[in-house]
Amino acid sequence: MVVTLACHHEFHERCILPWLQTHVPGTLVHATVHRECPLCRATVKTGQLRFLPRRTLPQSPQSTSPQPGSPDSVAAASTTMPDELFHRLQSIVTNLLGDQQIQLQAVHHLASIVNDVEGKTAEMVGRMVREFGALQPLVELLDCDAARQDALFVLEKLASTSYDEHADETRDLLHDLGTFPKVIMLVDVPSNAIVTCALGVVQSLLIRPENAMHMQEVGLERHLRQLIATTPDATVRRRAEGC
C-alpha cells in the first residue's frame with residue numbers, strides 16, 4: 001500500500017508507518033515517535049492518512065539527503081529484506097539509541113543478525129546502522145564490559161569490505177567518531193575473543209594513513225610483534241600479522 005500524507009508526500013506503507021510509531025520494548029504499547037512528514041516537516045495527523053494500492057513511487061528531489069532513520073533512508077532495506085527481519089532490525093537499531101540497559105540487549109541481538117546475514121542483506125544492515133546514527137552508541141559501548149565483545153564484533157563486520165561493499169562509509173564515520181584510539185587499547189586485554197575482533201577493526205581502519213602513524217606513535221607495532229611471537233591462538237596471530 002502507498003500512504004499519502006496531508007502534505008501530499010507519498011511513501012510505501014512499510015516505510016512510513018514505522019517512522020510514525022514504534023513499539024515500546026517490553027510492552028504492548030505503540031508510541032508515536034514522529035508527528036511530521038520526514039520530507040517537508042508538515043504536521044501529520046493519523047486521521048488524515050490515505051491508503052492507496054501500492055505502485056512504484058518516484059524519487060522525491062527532496063529525499064537526496066534523507067534524515068537519519070527516515071523512510072527514504074531505509075526504503076532500500078525494506079525491499080531487500082524479509083518483513084520480519086526488517087522490522088526486527090529497525091527495532092534493534094532504534095533501541096541502540098536508548099538507555100544503556102536497552103542498548104545491552106540491542107547490541108547482543110544486532111551481533112546475532114550480523115553473524116547470520118551476508119551479501120545484499122549485510123549491505124542493508126550496514127546502511128541501516130549508519131543512517132539511524134547507531135554507530136556512535138556502538139563505539140560508546142566499547143567502554144562497557146557487558147557489551148564490549150558484541151559491539152566490537154558488529155564494528156569489525158561492518159567496517160570490512162568483505163562483509164559490506166559500502167564499508168568505506170562506515171570506516172569514514174568511525175574515523176569521525178574517534179574509534180581507532182579506543183580500539184587499539186583493546187588489543188592488550190586478556191580475552192582472545194575481544195583481541196580478535198579488535199584486531200579486525202584495526203586492520204580495516206589502517207587504510208587511513210593517520211591511523212597507521214598513530215599506531216607507530218603509541219608503540220602498537222612492537223606489541224603486535226610480541227603477540228605474534230607468543231600467542232597460542234592461531235586466529236589472533238593471523239590478525240596481528242595482517243595489521
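All of these numbers come straight from a predicted model, not from anything done at the bench. By convention here, each chain's residues receive numbers from 1 onward along its written sequence. Local features in this predicted model are restricted to residues of pLDDT 70 or higher, and side-chain atom pairs are both shown and tallied only at a pLDDT of 80 or more, whereas totals for entire chains, interfaces and linings draw on every residue. To get the side-chain values, take all heavy atoms of the structure and skip hydrogens and water.

K.L.:
Quick rundown of the nonpolar core? Include the residues and the values.
P.N.:
For our purposes a nonpolar core is just a set of buried Ala, Val, Leu, Ile, Met, Phe, Trp, Tyr and Cys residues, chained together by side-chain atoms within 4.5 Å. Partly exposed describes any residue whose relative accessible area lies between the buried limit of under 20% and the exposed limit of over 50%, with all areas from a 1.4 Å probe on protein chains only and scaled to the type maximum. If you look at the biggest cluster of nonpolar residues, it comprises 57 residues, and the most contacted ones within it are Leu 110, Val 125, Val 129, Leu 138 and Leu 152. Elements are defined by DSSP. Helices are runs of H or I of four residues or more, strands are runs of E of two residues or more, and each kind is numbered from the N terminus. If one sorts the elements of this core by residue count, helix α10 (residues 192–205) sits on top with eight residues. Contact between two residues is taken to exist if any of their heavy atoms lie within 4.5 Å; hydrogens are not considered. Discounting chain neighbours no more than four positions away, the residues touching Val 125 are Met 81, Leu 89, Leu 110, Ile 113, Val 114, Val 117 and Leu 158.

K.L.:
Give a detailed account of the side chain of Ser 160, specifying residues and quantitative values.
P.N.:
By the element assignment, Ser 160 lies in the loop between α7 (148–158) and α8 (167–176). In this structure, Ser 160 is in contact with Ala 167 and Ser 204, ignoring residues within four places of it in sequence.

K.L.:
Outline helix α4 (residues 100–116), listing residues and values.
P.N.:
Here the expected span of a helix is defined as 1.5 Å times the quantity of residues minus one. When the terminal C-alpha atoms of α4 are compared, their 24 Å separation across 17 residues agrees well with the 24 Å that a helix rising 1.5 Å per residue should span. When α4 is considered as a whole, its buried residues turn out to be Gln 103, Ala 106, Val 107, Leu 110, Ala 111, Ile 113 and Val 114. The buried side chains of α4 occupy one side of the element, clustering within an arc of 165° when seen end-on. Of the exposed residues in α4, those oriented more than 90 degrees away from the buried face are Gln 101 and Asp 116. Those residues of α4 that are buried are in contact with α3 (83–95), α5 (119–131), α6 (135–140) and α7. In this description, one arc is meant: the one made by directions from the helix axis to the C-beta atoms.

K.L.:
Give me the packing of α4 against α7: which residues, what numbers.
P.N.:
In contact at an axis separation of 9 Å, α4 and α7 are set at 35° when each is read in the N-to-C sense. The hand of the α4/α7 crossing is left-handed. Residues Val 107, His 108, Leu 110, Ala 111, Val 114 and Asn 115 of α4 lie in contact with α7, whose contacting residues are Asp 150, Ala 151, Phe 153, Val 154 and Lys 157. Ten residue types, Ala, Val, Leu, Ile, Met, Phe, Trp, Tyr, Cys and Pro, are classed as nonpolar, four, Asp, Glu, Lys and Arg, as charged, and the remainder, Gly among them, as polar. A breakdown of the residues in the contact of α4 with α7 according to their chemical character gives seven nonpolar, two polar and two charged. Convention adopted: a line fitted to C-alpha atoms gives each axis, helices being fitted over their contacting stretch, and angles between N-to-C directions are expressed from 0 to 180 degrees. Crossings are assigned a handedness: left-handed for a near helix turned anticlockwise from the far helix by less than a right angle, right-handed for a clockwise turn.

K.L.:
Can you explain the environment of Val 183? Please cite residues and give values.
P.N.:
Checked against the element boundaries, Val 183 lands in helix α9 (residues 179–184). A relative accessible area of 0% means that Val 183 is categorised as buried. As a C-alpha pair, Val 183 and Gly 200 span 17 residues in sequence and 9.9 Å in three-dimensional space.

K.L.:
Kindly report on helix α12 (residues 220–230), identifying the contributing residues and their values.
P.N.:
Residues of α12 that are buried include every one of Leu 220, Leu 224 and Leu 227, and no others. Axial view of α12: buried residues confined to an arc of 60°, hence all on one face. Turned more than 90 degrees away from the buried face of α12 sit Arg 222, Arg 225, Gln 226, Ala 229 and Thr 230, all of them exposed. On its buried face, α12 sits against α9, α10, α11 (209–217) and α13 (234–242).

K.L.:
Let's hear about the confidence of the model for the protein chain: which residues, and what values?
P.N.:
In predicted models, pLDDT denotes the confidence assigned by the predictor to each residue on a 0 to 100 scale. The pLDDT averaged across the protein chain works out to 80; a share of 72% of its residues lies at or above 70. Strand β4 (residues 30–32) is the least confidently modelled element of the protein chain, averaging 42 in pLDDT, while α7 averages 97, the highest of any element. A low-confidence stretch, residues 22–33 (pLDDT under 50), is modelled with 19 contacts involving residues beyond four sequence positions or located in other chains. Below a pLDDT of 50 lies the segment residues 54–71, which in the model reaches 36 contacts outside its immediate sequence neighbourhood of four places, other chains included.

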